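Below are the chains, spelled out letter by letter.
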Amino acid sequence: MSDRREFRDLAAPEEARAVVDSLDIDPGMATVALADARDRVLAERVDAELDVPGFDRASMDGYAVRARDTFGADEATPETLHLAGTVHAGEKPDVTVAPGTAAEISTGAVMPEGADAVVMVERTTETDGGVEIRTAVTPGENVMPAGADIAAGARALGPETRVTPREIGLLSALGVGEVTVRARPRVAIVSTGDELIRPGESLDSAAGEIYDVNSYTLAAAVEDAGGEPVLYPHAGDDFEALESLLHEAAEECDLVLSSGSTSAGAVDVVYRVIEERGDLRLHGVAVKPGKPMLVGTIGEAAYVGLPGYPVSALTIFRVFVAPALREAAGRPEPRTATVTGEMAVEERYTEGRLRYMPVGLVEDGDGSTLVYPVDKGSGATTSLVDADGTVAVEPETELLPAGRSVEVTLFSPEVRVPSLFGVGEDDPLWSRLLDRLDAPRYLPTGTADGRRRLRESVPDVAVVAGPEADDEPGEALGGWTREWGLAVAPESDVSALSDLVDGDYRFVNCDGGSGLCHSFDAELARLADERGVSSAEVTDAIDGYELTAGATESPARTVAAGEADAGLALRATAAKLGLDFVPLGTERVRVLANGDRTGKESVERLAGLLGDVDDLAAALDGFEV
């Protein structure tokens, strides 16, 4: 029987926060050079050790004078003073301003002995006999006295001050070369799983390998929260190796973060390492995403085990770990940006856990904000960028109806509603056209989904391909045609659609919701009619008809990898990948606009661009406008 740990009593979110907050991740203090102090937090008060400025200095170009020598001077009756010399900034004066004299002086220069004011150069005129003063000044006028900025002994900056460029300027003026700051908590990041490969290394998808998303994602999040991330080699699911790695990380860091191997599977070992070698304080929290969460200690270091799925890991980090990390680093809570909008569609939820639902934002034709769910599952990394924030759905909430007002907590205050939101067919010309728009968002979920969402009035536009629907939604803005068929390996004998039906060849189909797949099904139905058989008999005869791949290029890429003989594809894709191509037809790609948003600025901009896509079509084999 396998040793399987079950989640039984899930901790409430409030309890989980309290447990994380109880961890000791205080990194102490550190001394850093001023050049490295930006964005750090002062651990001690900084007092001025000298006057700033350290001398009486001229605050503008002009003439240093004895103020009493200018009394009564004006434009009508100027006073002429003899020129005693010149004083430049950065040099010790070698002149004395005696009664009846003046010294030419530069901004920032040391006031010469005897002078107590400066007459701006614009109110003077040099003459053969000296300088003509056309205005009276008072003692101290246009002079910054020593210590006027800050005096020696004064409190310059207090502890817990975040060092920004302004503070850097003051510290520089005080001659401070290094400061004592709160040390950044060192945070170990350990991604677990035998299947993980670091980005940049070669990947064997056939062996189930995937790129390690969490290491770099969490490292960036740790830096944002004020910590210093330390990446460790990814660990497999071997107990002893993982135990050794976690202990090494614990000895070197203040907080250890692992991701993966925290769920109830038989191969998961992290919770056993903590339970048997450390102090396991919490296992499982009643939130979605992110139920499998571990909290405890390893030796002197705090430990938090995050779920393996990137969306879950980042959500748990942001909600529970980042606040504790900011507290330890002396960083303030970030500005919380929220947006109120209306649910664009109905959303049901019956799991009885606090849910942080990823959502996207779109403006309707009136400029009101609509909120739509972006939930492809915790394993979908694109949810990280397709969403703008989250809506907290309380455990007792089972239904969020369309039109319900909700509050969205944005991922950052810099998040902006996309200028144009589209959904639908994956198409290479459309991808290039989007580059000509400012900050659009597009979800390539297929023609069927594009039509469905457009009928629900969620996106601004939908891109559809293949046979036209009887009840096509929206208003057509424009489009193009693309040639489609079969991408085949150069050495393959597949030369016609009938070869797939009659021969022994491996085929890869596109997703059933794509327009490309609908065009293919229509062609198979035509072949079935010619043969006097049902469409099901034709599709059943094709080895791999049910084997679908998500994106437009996916089937052809499978062929290029040598894993299939033929794949449904565009001519442009076959040419791009160096594959042979069996043409089966052309289909129309149509851009449909939400009827309520044709007056939206970005939709109007798109409509204009659609009238001039000849260059895009010319660059793609098989495309025509």
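Colleague: Before we go on, may I ask you to explain helix α4 (residues 239–252) in this structure?
Modeller: Residues spaced three or four apart along an α-helix face the same direction, because each turn holds 3.6 residues. If you check α4, its first and last C-alpha atoms are 20 Å apart, about what 14 residues at 1.5 Å a residue would give, namely 20 Å. Considered for burial, the residues of α4 that qualify are Phe239, Leu242, Glu243, Leu245, Leu246, Ala249 and Ala250. Angularly, the buried residues of α4 cover 165° about the axis, an arc narrow enough to put them on a single face. With respect to the buried face of α4, the exposed residues turned more than 90 degrees away are Glu240 and Glu251. Elements in contact with the buried residues of α4: β13 (186–191), β17 (255–259), α5 (270–277), β20 (294–298) and β21 (301–306).

Colleague: Where do I start with the nonpolar core in this structure?
Modeller: One broad trend across soluble globular proteins is that nonpolar side chains are buried collectively. The biggest cluster of nonpolar side chains holds 48 residues, and the ones touching the most others in it are Trp430, Leu486, Leu500, Phe520 and Leu606. Broken down by element, this core gets its largest block of residues, six residues, from helix α11 (residues 515–531). In terms of nonpolar packing, the next biggest core, distinct from the first, is built from 35 residues, Leu255, Val287, Ala302 and Ala322 among them.

Colleague: So what exactly am I meant to see when it comes to the environment of Gly278 here?
Modeller: For Gly278, the location among the structural elements is in the loop between α5 and β18 (279–283). The spatial distance from the C-alpha of Gly278 to the C-alpha of Glu300 is 9.4 Å, given a sequence separation of 22 residues. In this structure Gly278 touches Val273 and Thr297, once residues within four positions along its chain are discounted.

Colleague: Hey, could you run me through the sheet that holds strand β5 (residues 79–87) in this one?
Modeller: Backbone hydrogen bonds hold the strands of a sheet together, and the pairing may be parallel or antiparallel. Pairing is mixed in the open sheet, where six strands are placed in the order β7-β4-β6-β5-β9-β8. Two strands bound the open sheet, and with one partner strand each, they are β7 (117–120) and β8 (124–127). In this sheet, adjacent strand axes meet at a mean angle of 40° when their direction is disregarded. Sheet analysis places strand β4 (residues 62–65) next to strand β6 (residues 101–105), joined by four bridges and oriented antiparallel. What sits directly across from Val65, in β6, is Ala102.

Colleague: Before we go on, may I ask you to explain the sheet that holds β18 in this structure?
Modeller: Read across the open sheet, the six strands follow the order β16-β13-β17-β21-β20-β18; overall the sheet is mixed. Edge positions in the sheet fall to β16 (228–231) and β18, since each of these pairs with one other strand and no more. Across the sheet, the mean angle separating the axes of adjacent strands is 20° when strand polarity is ignored. Sheet topology places β17 next to β21; five bridges connect them, and they run parallel. Looking at β21, one finds that Leu255 is bridged to Ala302. Taken strand by strand, α5 contacts β17, β18, β20 and β21, and its axis lies near 135° from that of β18.

Colleague: Mind showing me how you'd approach the packing of aromatic side chains here?
Modeller: The way to describe two aromatic rings as a pair is by their centre distance and the angle between their planes. Taken as a whole, this structure holds five aromatic pairs when the rule is applied. Seen from their ring centres, Trp484 and Phe520 are 6.5 Å apart, and the 90° between their planes marks the pair as edge-to-face. Of this pair, Trp484 sits in strand β32 (residues 475–488) while Phe520 sits in helix α11; the two residues are 36 residues apart in sequence, bridging distant segments of the chain. Residue Trp484 is classed as buried on the basis of its relative accessible area of 3%. Clustering of aromatic rings is evident, with ring pairs tying together Trp484, Phe507, Phe520 and Tyr545.

Colleague: Honestly, the packing of helix α3 (residues 214–224) against helix α6 (residues 310–329) in this entry has me stumped. Any pointers?
Modeller: The geometry of a pair of packed helices is captured by two quantities: the angle between their axes and the separation between those axes. The geometry of α3 relative to α6 is characterised by a closest axis approach of 10 Å and an angle of 25° between their N-to-C directions. Judged on the interaxial angle alone, α6 and α3 are roughly parallel. Of the two elements, α3 crosses α6, and the hand of that crossing is right-handed. Only Pro310, Ala313, Leu314, Phe317 and Leu325 of α6 make contact with α3, whose side of the interface consists of Asn214, Thr217, Leu218, Ala221 and Val222. Split into classes, the residues belonging to the contact of α3 with α6 amount to eight nonpolar, two polar and no charged.

Colleague: Explanation requested: the pairing of strand β33 (residues 507–510) in the structure shown.
Modeller: Here β33 runs beside strand β35 (residues 566–570); their pairing, made up of two bridges, is parallel. Across the sheet, residue Val508 finds its bridge partner in β35, namely Gly567. Pairing of β33 with strand β34 (residues 548–549), which is carried by two bridges, proceeds in the parallel orientation. From the neighbouring strand, Asn509 faces β34, where its bridge partner is Thr548.

Colleague: Can you help me understand unusual backbone geometry in this one?
Modeller: One can expect most non-glycine residues to show negative phi and most peptide bonds to be in trans. Residue Pro53 is reached from Val52 by a cis peptide bond, and omega for that bond is -5°. With respect to the element layout, Pro53 can be found in the loop between β2 (46–47) and β3 (57–58). Of the consecutive residues Lys288 and Pro289, the connecting peptide bond is found in the cis state with omega at 0°. Look at Asp39: it is not a glycine, yet its phi comes out positive at around 75°. Counting through the fold element by element, Asp39 comes out in the loop between β1 (29–33) and β2.

What counts as what
- Residues numbered from 1 in each chain as written.
- Predicted model: local features only at pLDDT ≥ 70, side-chain atom pairs only at ≥ 80, totals over all residues.
- Heavy atoms only, no water.
- Helix = DSSP H or I, 4+ residues; strand = E, 2+ residues; numbered from the N terminus.
- Expected span 1.5 Å × (residues − 1).
- Buried < 20%, exposed > 50% of the residue type's maximum accessible area, 1.4 Å probe, protein only.
- Arc of directions from axis to C-beta.
- Contact = heavy atoms within 4.5 Å.
- Core = buried A, V, L, I, M, F, W, Y, C linked by side-chain atoms within 4.5 Å.
- Pairing = 2+ DSSP bridges.
- Axes fitted to C-alpha atoms, helices over the stretch in contact; angles between N-to-C directions.
- Phe/Tyr/Trp six-rings, centres within 6.5 Å; stacked < 30°, edge-to-face > 60°.
- Parallel < 35°, antiparallel > 145°, perpendicular 65-115°, else oblique.
- Left-handed = near helix turned anticlockwise from the far one by under 90°.
- Nonpolar A, V, L, I, M, F, W, Y, C, P; charged D, E, K, R; others polar.

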